[in-house]
Amino acid sequence: MRVRLALALGLAAAPLAAQSGNGASRLAGRVPAAALPAIDSIIATAVAESLPTEPLVQKALEGGAKHVPADRLVSGVRRGLLQLRAARIIVARAVPGQTPPEGHVAAVSAALARGLPAPIVERLLTVAPNESPGPALHAAADLIAHRFDPDSAADLLVDAHNKGLRDGRLLDVAVAADHELQRGGGRTPSEALAHVRAMLPNVPVPRRP
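As a starting point, this report considers the structure included with it. (Residues numbered from 1 in each chain as written. Predicted model: local features only at pLDDT ≥ 70, side-chain atom pairs only at ≥ 80, totals over all residues. Heavy atoms only, no water.)

## A word on the overall build of the protein chain
At step 1: For the protein chain, the helix and strand inventory stands at 11 helices and zero strands.
At step 2: Relative to its 209 residues, the protein chain shows a buried fraction of 45%.
At step 3: Sequence separation of 24 or more characterises 71% of the internal contacts of the protein chain that already satisfy a separation of 6 or more.
At step 4: Taken as a whole, the protein chain presents about 10,100 Å² of accessible surface, with 55% of it coming from carbon and sulfur. (Helix = DSSP H or I, 4+ residues; strand = E, 2+ residues; numbered from the N terminus. Buried < 20%, exposed > 50% of the residue type's maximum accessible area, 1.4 Å probe, protein only. Contact = heavy atoms within 4.5 Å. Areas by Shrake-Rupley, 256 points an atom, 1.4 Å probe, with all protein chains shown as cover.)

Pasting the structure below:
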């Protein structure tokens, strides 16, 4: 989970100029040649729309590494562009009166790709519009992936933020909730979330291997 967060934050922070300057050269020889013209066109569209391109490059590289057929690879990158557009709309609503920060757009796009519902994304953005949203969004996506109710998961993360937890500590909240759910005794998701809420802000730091 920490590795995924670091990657997402790294992509979000990459300057747009650097992304657009080396994307095509990085793809040559690493994705099917038949897919390159279409992917280059999609990346050029993102540049023209002032959207971050690094998520698109990474999606193409991931697909190439997995030997995804050219048509499916192009469809996946095109879907990434649509997610970036949707992400910018969400960020613009949550951070009104300013150009949507590229890092916010990339982080929101990654959260949408993981299946995080747009209303939950927007709610978590509005809690701290000037902070990096990546940790909260990834924590929410992790909770939902473990079958916690989306609104209840968001409530817990908002409470954690309001009690001073930031960045990786929000991921610790998600880990703690999962651990509580797996404890013996048949604890329900609601009970697990309530137990973690009672710990706030003293959620334990997970042990690392």
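## A look at helix H9 (residues 150-162)
In an α-helix, one full turn covers 3.6 residues, which means residues spaced three or four apart are oriented alike.
At step 1: The terminal C-alpha atoms of H9, which comprises 13 residues, lie 18 Å apart, in line with the 18 Å expected from a rise of 1.5 Å per residue.
At step 2: Buried within H9 are the following residues: Ala153, Ala154, Leu156, Leu157, Val158, Ala160 and His161.
At step 3: Summarising the contacts, the buried residues of H9 are in contact with helix H7 (118-127), helix H8 (134-145), helix H10 (168-182) and helix H11 (189-199). (Expected span 1.5 Å × (residues − 1).)

## What to know about the packing of helix H3 (residues 36-48) against helix H5 (residues 70-94)
At step 1: Axis separation between H3 and H5 bottoms out at 9 Å; the angle between their running directions is 10°. Between H3 and H5, the crossing angle belongs to the class labelled roughly parallel. Between H3 and H5, the contacting residues are Ala38, Ile39, Ile42, Thr45 and Ala46 on the first element and Leu73, Val74, Val77, Arg78, Leu81 and Arg85 on the second.
At step 2: Considering only residue class, the contact of H3 with H5 consists of eight nonpolar, one polar and two charged. (Axes fitted to C-alpha atoms, helices over the stretch in contact; angles between N-to-C directions. Parallel < 35°, antiparallel > 145°, perpendicular 65-115°, else oblique. Nonpolar A, V, L, I, M, F, W, Y, C, P; charged D, E, K, R; others polar.)

## Topic: the pattern of salt bridges
At step 1: For the structure on display, the rule yields 11 salt bridges.
At step 2: Salt-bridge contacts for Arg183 lead to Glu180; the nearest nitrogen and oxygen are separated by 3.0 Å.
At step 3: With relative accessibility at 48%, the residue Arg183 sits in the partly exposed group.
At step 4: With relative accessibility at 3%, the residue Glu180 sits in the buried group.
At step 5: Across the pair Glu180 and Arg187 runs a salt bridge whose closest N-O atoms are separated by 2.2 Å.
At step 6: Looking at Arg187, the relative accessible area reads 27%, which means it is partly exposed.
At step 7: Connected through shared salt-bridge partners, Glu180, Arg183 and Arg187 make up one network. (Salt bridge = Lys/Arg side-chain N within 4 Å of Asp/Glu carboxyl O.)

## Description of the nonpolar core
At step 1: Residues Leu27, Ile39, Val108, Val121 and Val173 are the most contacted members of the largest nonpolar core, which totals 60 residues.
At step 2: With nine residues, H5 is the largest single contributor of residues to this core.
At step 3: Inspection of this core shows a minimum of three residues originating in each of domain 1 (34-113) and domain 2 (119-209).
At step 4: Dropping the residues within four chain positions of it, Ile39 is found in contact with Leu27, Ala60, Leu73, Val74 and Val77. (Core = buried A, V, L, I, M, F, W, Y, C linked by side-chain atoms within 4.5 Å. Domains from an automatic or database assignment.)

## Quick notes on the environment of Glu122
At step 1: Following the sequence through the fold, Glu122 ends up in helix H7.
At step 2: Remark: the alpha-carbon pair of Glu122 and Ala87, spanning 35 residues in sequence, is separated by 9.5 Å.
At step 3: Not counting residues up to four positions away in its chain, the partners in contact with Glu122 are Ile90, Arg93 and Ala94.

## Description of the environment of Asp40
At step 1: Positionally, Asp40 belongs in helix H3.
At step 2: According to the relative accessible area criterion, Asp40 is partly exposed, its value standing at 30%.
At step 3: A sequence separation of 15 residues divides Asp40 from Ser25, and the C-alpha atoms of the two residues are 9.9 Å apart.

## Quick word on the packing of H7 against H9
Each pair of packed helices can be summarised by the angle the axes make with each other and by the distance between the axes.
At step 1: Contact geometry for H7 and H9: axes closest at 10 Å, N-to-C directions at 10°. Here H7 is positioned roughly parallel relative to H9, judged by the angle of their axes. Contacts from Ile120, Arg123, Leu124 and Val127 in H7 reach Pro150, Asp151, Ala154, Asp155, Leu157, Val158 and His161 in H9.
At step 2: For the contact of H7 with H9, the residue count by class is seven nonpolar, one polar and three charged.

## Quick word on the side chain of Gln83
At step 1: Inspection of the secondary structure puts Gln83 in helix H5.
At step 2: Residue Gln83 is classed as buried on the basis of its relative accessible area, which comes to 18%.
At step 3: Those residues in contact with Gln83, other than ones at most four positions away along the chain, are Ser109, Leu112 and Ala113.

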